[in-house]
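# Topology and contacts: notes
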Amino acid sequence: MASYRLYRLGYDNHILLGAVLEAANDFAAVEAARSYQGECPLEVWQGARMVACLPSVPALGAGLP
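The following refers to the structure shown.

About the criteria used
- Residues numbered from 1 in each chain as written.
- Predicted model: local features only at pLDDT ≥ 70, side-chain atom pairs only at ≥ 80, totals over all residues.
- Heavy atoms only, no water.
- Helix = DSSP H or I, 4+ residues; strand = E, 2+ residues; numbered from the N terminus.
- Buried < 20%, exposed > 50% of the residue type's maximum accessible area, 1.4 Å probe, protein only.
- Contact = heavy atoms within 4.5 Å.
- Arc of directions from axis to C-beta.
- Polar contact = N/O pair within 3.5 Å; in protein donor to acceptor, adjacent residues only side chain to side chain.
- Lys, Arg positive; Asp, Glu negative; His and termini not counted.
- Salt bridge = Lys/Arg side-chain N within 4 Å of Asp/Glu carboxyl O.

### Section: the overall build of the protein chain
In terms of helices and strands, the protein chain carries one helix and four strands. Ordered by position in the sequence, the α and β elements of the protein chain form the string β-β-α-β-β. Looking at the protein chain residue by residue over its 65 residues, the buried ones come to 28%. Restricting the contact set of the protein chain to residue pairs at least 6 apart, pairs at least 24 apart contribute 31%.

Structure (structure tokens):
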């Protein structure tokens, strides 16, 4: 298992929250991060290497009249 860092970014791209993920490989780390996707973008890092950037997901009903 490898250690990864998951960062939730604010609208100004500053880190709001960080967490540690343990995963077998990059693919597993990104899949684990997807469960945290929400209204803010996420980044997955392993050390100084960015593994993935996951975009924000609009809330259900957002933009509806």
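Having put the structure on the table, let's press on.
### Describing helix 1 (residues 26-34)
Within the span of helix 1, buried status applies to Ala29, Val30 and Ala33. Seen from one end, helix 1 has its buried residues packed into an arc of 95°, which puts them on one side. Contact partners of the buried residues in helix 1: strand 1 (2-9), strand 2 (15-23), strand 3 (42-46) and strand 4 (49-54). The N-terminus of helix 1 is capped by asparagine 25, whose side-chain oxygen sits 3.2 Å from the backbone nitrogen of phenylalanine 27.

### Structural notes on the side chain of glutamate 43
With respect to the helices and strands, glutamate 43 occurs in strand 3. Among buried Asp, Glu, Lys and Arg side chains, glutamate 43 stands out as unpaired, with arginine 5 the closest opposite charge at 11 Å. Within the structure, glutamate 43 has its side chain in polar contact with the side chain of tryptophan 45 (distance 2.9 Å). The contact partners of glutamate 43, leaving out residues within four places of it in the chain, are Arg5, Leu6, Tyr7, Leu9, Met50, Ala52 and Cys53.

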